[in-house]
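# Architecture and fold: a report
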2 protein chains.
Amino acid sequence: MEKATRRQSKDHNSRLVLKTIYGNGQVSRADLARSTGLTRPTVSAIVAGLLESALVSEIGPGPSAGGKRPTLLAINDDGRHLIAVDLSGDEFRAARLNLSGGITTRVGLPAAGLRGDAALDAVYRLVEPLLTPTATPLLGFGVATPGLVDPQQGIVRRAVNLGWVDLPLRERLEERFGRPVHVANDSHMAALAEYTYGDPPPSANLIAIRIGRGIGAGVILGGRPFYGDGFGAGEIGHVVVDPAGDLCTCGNRGCLETTSSVRAILKNAAAADRTGSVLAGDSVPTWPAFIQAVKAHDPVAVDVAVAAGRHLGAAVAHLVGAYNIHHIVLAGRVSDLGGLLLDAVNAEMHQRVLPAMAEATTVRFTSLADGRLADIVTLGCSALLLHRELGVV
Amino acid sequence: MEKATRRQSKDHNSRLVLKTIYGNGQVSRADLARSTGLTRPTVSAIVAGLLESALVSEIGPGPSAGGKRPTLLAINDDGRHLIAVDLSGDEFRAARLNLSGGITTRVGLPAAGLRGDAALDAVYRLVEPLLTPTATPLLGFGVATPGLVDPQQGIVRRAVNLGWVDLPLRERLEERFGRPVHVANDSHMAALAEYTYGDPPPSANLIAIRIGRGIGAGVILGGRPFYGDGFGAGEIGHVVVDPAGDLCTCGNRGCLETTSSVRAILKNAAAADRTGSVLAGDSVPTWPAFIQAVKAHDPVAVDVAVAAGRHLGAAVAHLVGAYNIHHIVLAGRVSDLGGLLLDAVNAEMHQRVLPAMAEATTVRFTSLADGRLADIVTLGCSALLLHRELGVV
C-alpha cells in the first residue's frame, strides 16, 4: 500500500515536471523546482529519468542568475513519434508527428464507399507504411472517426457512413499494432486541436464547428472535450434547420448537412437557375470552380453560399443559447468561402439570439495556419494521445 | 502555515462528515468512520462540534451489530433555517425552509411592472415578514432572478423585465440583512432543484426547461450548474424558432417565448378563429379556462397547445444536438397541458435530430411532486445555499 502510494506520487510528480517543461519551452532544474514546488533533489532525480527515456534533452547553458550558468532542458521533439489517423473524409488520412505536433510524414488512401470490414482493412493498409522501423519509439495512435464514439472505451458506437456499429476499434488496432490506441470523434478532435494548438480563448471553453463533407461541432469545457451522455455532444449536422428541406441520409428532412455542407452547397448550386452565371452548364460544379465563382462575385454562387451561411448561423444561434460560450471557431473546407460566409453566419446569429449574448460571441475561422487546416483533426488526435499517454497537454 | 493547513483539513473533514450524514439519513459514528475513512476519535470530535452547533442531533439507539447498540445521528432539520427568494414571476415569492428543504412559511408580493429600485424595494419588503425572531439561526438567503446572473460575484448582469443592469444584488442584500446571500438565475436553480430533490438521473447531467411567463433552461453538468461564459447557458427563450413570428420584447422576431410561453399560448388562442370553440368570445382567455378547454378536447385549444409544443420540440432538438444529455425535464405552468404537450414535443424532437440520439433521450415533466411545482425555483435556491454554506448537497 505504502509502496503503491509512493509509486503513484512519483508518477504524478514526473508528469508534473514533464508538463511544466512542455508548457514552458526551455527551463532549468531550478526553474522546475520553483514552479512545481518539488525539492531540487526530487526534480533532479525525475529529470535524470526523463533524460534517460529520451523524452527530454539538455539543450545547453542558460543565462546566469549570478553564479554558474544553468543547463536548460526542453522536450526532445524526436524522443517519440505519434501516428494520427483521420477517417472523416472520402480519403482516409494518417500522419506521423513528433512530440510537439510537427507532422513529418503523411499518407492517404481513397476510401469513398468503403464500409464495415472493408473500411477497417483500409485503416490497416493506411497505417502500414508508417510502421517502418524508426530511430524513435512509437508512443501510440490517435484515431478520429465520424459518428458516435466512446473515447473512454475506444468503441465506435455508430458511424453511419462507415457502416460501423459498436466496433471496438481501439482493441482491434491495439491487437494488430501492439501500441496504445486512443479513439474519438473527428469534430471533438478538431475542437481539441484548436484549444491546444490555436490561439488560446479567453476562457477554458470553446466550440469548433467543422464543415466539409459533413458537419459536426466539438465542445471544449474547462479545457477538456465534452462528449455528452451518448458521445454525441455537438452533433449539429443532423439537427433540422429547414423542415421543408432535402431528405438527409439520416432519414430526417432538412438537417444542417443538407443546407450547408460542401456537398449541399454544390448540389444547390447545380439546382439553381444558372443562366448568366459562370457556373452555367448541366453538371454539378466542382468545389474549386464554385469558390472561384464566389470570388468573382458571381450572383448565383454568392446567393447559394450566403444561404448556406444563413442556415449555419441559425444552428450557431441555438449553440449560443444552449452553451453561451463566447468563442466559436469554424474549420473545414467551407473556410474557402472566407468573409462572405462569416458575415452571413453572424448576421443570422444576431437575428436569432438575445442581443447581449450575440454581441459577446465571436465567430471566426480556426487560428491554425492555412496550411494546417486540413490537418486539424490530425492535430487533435495528437493532442489526445499526448494528454492520455504523457499528461502534457 | 501549518496551522492554516490543519484548520483547512479540519474544515474539510467536518464538511465531509456533515455531507455523509445528510446523504445517508441516519448513521452511527462507526458508520461515519467507515464511509469517510477518518479515525473514530476524529469522527467523534467532529460530531461533538456538529451537535454543539445544532446542525446534527442524536435520534436514539440503532440496531446492534453484536455489542452495544450505537447512537444514531441525523441532520437536525430545524438547526438552521433558510430563506429562498424567487423573483421570476409577476408575483415575487419567498419562503422559509428547514435544512432538508421543507417549506415552513411562504410569502408573496405583486410585482408586475416593478423595475429598477422599485423592484429592489419590493424584494426588501417581501423578505421582511420572514425575519421575525425565530428559535433557530438563519443560515442565509438564496435568491433567483431571471436574466443573466453572475453567481460567483452575486451580480445581476442584465434582467430585462426588472430593469436591472449590473446590480450587485448579493452585496445589497448582505448589507441590509447581515447574512450570507447567494444569487443565481431562476432556470439554473430549477435545474439544480430537479437534480438535488427530484428523481436522480442515470448520469450526473440533466437539462431542465422552465416554461411559464418566460422560457429558460438550466443545465447540470457533472452534478453542478453550468453557467456559460456570460452566465446565459440555457437561455433558449430568446432563440428564434419562427423567423416569421411575433416581435419579442428582446427586439428579435419569433423567439421561443413568442411561440410557447403561457402568454404566447393565450395570445395565440385569442388570435385563432374561435367559432364553435368553448373559448369563443372577444377577450384573451385565462390560463385555467384554456387548460379546461384542452382537457375538454376543444379543437382550437388543442391546436394552439400542440403548435406551442411543436416549437418547443424544435428548441429541444437543438439542445439534444448541442449537449446530447439524455435526461430533459419540463417544469413550470405549461405542465398543466400534460401528455398533449409531451407528445408534441417528442414528435417534433424525433423529426429533428439524429434518430439514435432522439431514441436515447427522455423528455418528461419534473419529478418533484405536483404541489411543489411552483416551488421548484425556491428549492433550487435552497440547494445552492446548502451547497455553498454547508457543502452538503
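This one's a predicted model, so the numbers in the text were calculated from it and none came from an experiment.

### A word on the overall build of chain A
From N to C terminus, chain A includes 13 helices and 15 strands. The principal-axis extents of the C-alpha atoms in chain A amount to approximately 75 × 50 × 40 Å. When the 393 residues of chain A are sorted by exposure, 56% land in the buried category. Contacts in chain A between residues at least 24 apart in sequence constitute 59% of all its contacts with a sequence separation of at least 6.

### Re the pairing of strand S9 (residues 164-167) of chain B
Residues and elements named next belong to chain B. In the sheet, strand S8 (residues 155-159) pairs with S9 via three bridges, with the strands oriented antiparallel. What sits directly across from Arg158, in S9, is Val165. Where S8 folds back onto S9 in an antiparallel hairpin, the turn is made up of four residues, including Gly163, whose phi is positive at roughly 65°.

### Focus on the packing of aromatic side chains
Inspection of every chain in the model, using the stated rule, returns nine aromatic pairs over all chains. Between Tyr323 of chain A and Tyr323 of chain B, the ring centres sit 4.0 Å apart and the planes meet at 35°, which makes this aromatic pair tilted. Residue Tyr323 of chain A is found in helix H10 (residues 299-323), and its partner Tyr323 of chain B is found in helix H10 (residues 299-323); the two belong to separate chains. A relative accessible area of 0% means that Tyr323 of chain A is categorised as buried. Grouping aromatic residues by their ring pairs yields a cluster made of Phe226 and Tyr323 of chain A together with Phe226 and Tyr323 of chain B. Arg176 of chain B extends its terminal NZ or CZ atom over the ring of Tyr124 of chain B, reaching a point 4.0 Å from the ring centre.

### Quick look at the pattern of salt bridges
Residue and element names in this part refer to chain A. In this structure the tally under the stated criterion is 26 salt bridges over all chains. Close ionic contact of Arg310 with Glu348 constitutes a salt bridge, the shortest N to O distance being 2.7 Å. Placement of Arg310 in helix H10 and of Glu348 in helix H11 (residues 338-351) is noted, with a sequence separation of 38 residues between them. Under the relative-accessibility criterion, Arg310 is labelled partly exposed at 30%.

### Points about the relation of the copies chain A and chain B
The two chain copies are related to each other by a rotation about an axis together with a translation along it. Expressed as a screw operation, the relation of chain A to chain B combines 0.0 Å of axial shift with a rotation of 180°, fitting to an RMSD of 0.1 Å. Put plainly, the chains are arranged around a two-fold axis. In terms of C-alpha distance to the rotation axis, chain A has His318 of chain A as its closest residue, with the C-alpha 3.1 Å off the axis. Mapped onto chain B, 100% of the interface residues of chain A again fall at the interface, so both copies present the same surface.

### Structural notes on the interface of chain A and chain B
At the junction of the two partners, chain A supplies 41 residues and chain B supplies 41 residues. When the buried area of chain A at its contact with chain B is split by residue, Asp229, His318 and Arg352 of chain A rank highest and sum to 21% of it. Across the chain A-chain B interface, the total number found is zero salt bridges. Where chain A touches chain B, the interface holds 31 residue pairs in polar contact (both at pLDDT 80 or more).

### Here we look at the sheet that holds S8 of chain B
Residue and element names in this part refer to chain B. A sheet is described by the order of its strands in space; here three strands give the open sequence S7-S8-S9, paired in antiparallel fashion. At either margin of the open sheet sits one strand with a lone partner, and together these are strand S7 (148-150) and S9. On average, adjacent strands in this sheet sit at an angle of 15° to one another, irrespective of strand direction.

### Section: helix H2 (residues 29-36) of chain B
Because an α-helix packs 3.6 residues into every turn, residues spaced three or four apart end up facing the same way. All names here are of chain B. For H2, the set of buried residues is Arg29, Leu32, Ala33 and Thr36. Along the long axis of H2, the arc covered by the buried residues comes to 100°, so they all point the same way. Opposite its buried face, H2 presents the exposed residues Arg34 and Ser35, each directed more than 90 degrees away. Gly37, located one to two residues past H2, shows a positive phi value of around 80°.

### Let's talk about the sheet that holds strand S9 (residues 164-167) of chain A
Residue and element names in this part refer to chain A. On the basis of which strands lie adjacent, the open sheet formed by three strands has the order S7-S8-S9 and antiparallel pairing. Each edge of the sheet is formed by a strand with only one pairing partner; in this case those strands are strand S7 (148-150) and S9. Averaged over all neighbouring strand pairs, the angle between strand axes comes to 15°, with direction disregarded.

### Some points on the domain arrangement of chain A
Residues and elements named next belong to chain A. The assigned domain composition of chain A is domain 1 (2-75), domain 2 (81-192 + 375-382) and domain 3 (199-367). Here the C-alpha centroids of domain 2 and domain 3 sit 25 Å apart. Listed as interface residues are 19 residues of domain 2 and, on the opposing side, 19 residues of domain 3. With both chains or domains summed, domain 2 and domain 3 bury close to 1600 Å², and 60% of this area falls on carbon and sulfur atoms. Ranking the residues of domain 2 by area buried against domain 3 places Ser187, His188 and Ala191 at the top, with a combined share of 33%. Applying the counting rule to domain 2 against domain 3 returns two salt bridges. Linking Arg210 and Asp186 is a salt bridge whose minimum nitrogen-to-oxygen distance equals 3.1 Å. The element contributing the most residues to the side of domain 2 that touches domain 3 is helix H6 (residues 186-197), with seven residues. Of the residues contributing to the side of domain 2 that touches domain 3, the split by class is nine nonpolar, five polar and five charged.

### Details of the environment of Gly212 of chain A
Residue and element names in this part refer to chain A. Note that Gly212 resides in the loop between strand S11 (206-211) and strand S12 (215-221). On the basis of relative accessible area, Gly212 is assigned to the buried category, the value being 13%. Along the chain, Gly212 and Ile75 lie 137 residues apart, while their C-alpha atoms are 35 Å from each other. Excluding its chain neighbours within four sequence positions, the residues that come into contact with Gly212 are Ser261, Val262 and Arg333.

### Topic: the environment of Val334 of chain A
Residues and elements named next belong to chain A. Along the chain, Val334 falls in the loop between strand S14 (327-331) and H11. Along the chain, Val334 and Asp117 lie 217 residues apart, while their C-alpha atoms are 31 Å from each other. Setting aside residues up to four positions removed in sequence, Val334 forms contacts with Ile211, Ser260, Val262, Ile265, Trp287, Leu341 and Phe365.

### Considering unusual backbone geometry
Residues and elements named next belong to chain B. If you check the backbone angles, Ala54 has positive phi at about 70° while not being a glycine. By the secondary structure assignment, Ala54 is in the loop between helix H3 (40-52) and strand S1 (56-61). Backbone geometry at Asn324 places phi at a positive 50°, although glycine is not the residue there.

Thresholds, definitions, all that
Residues numbered from 1 in each chain as written. Chains lettered and ligands numbered in written order. Predicted model: local features only at pLDDT ≥ 70, side-chain atom pairs only at ≥ 80, totals over all residues. Heavy atoms only, no water. Helix = DSSP H or I, 4+ residues; strand = E, 2+ residues; numbered from the N terminus. Buried < 20%, exposed > 50% of the residue type's maximum accessible area, 1.4 Å probe, protein only. Contact = heavy atoms within 4.5 Å. Pairing = 2+ DSSP bridges. Phe/Tyr/Trp six-rings, centres within 6.5 Å; stacked < 30°, edge-to-face > 60°. Lys NZ or Arg CZ within 6 Å of the ring centre and 35° of its normal. Salt bridge = Lys/Arg side-chain N within 4 Å of Asp/Glu carboxyl O. Least-squares fit on C-alpha atoms with pLDDT ≥ 70 in both. Buried area = accessible area lost by both parts, 1.4 Å probe. Polar contact = N/O pair within 3.5 Å; in protein donor to acceptor, adjacent residues only side chain to side chain. Axes fitted to C-alpha atoms, helices over the stretch in contact; angles between N-to-C directions. Arc of directions from axis to C-beta. Domains from an automatic or database assignment. Nonpolar A, V, L, I, M, F, W, Y, C, P; charged D, E, K, R; others polar.

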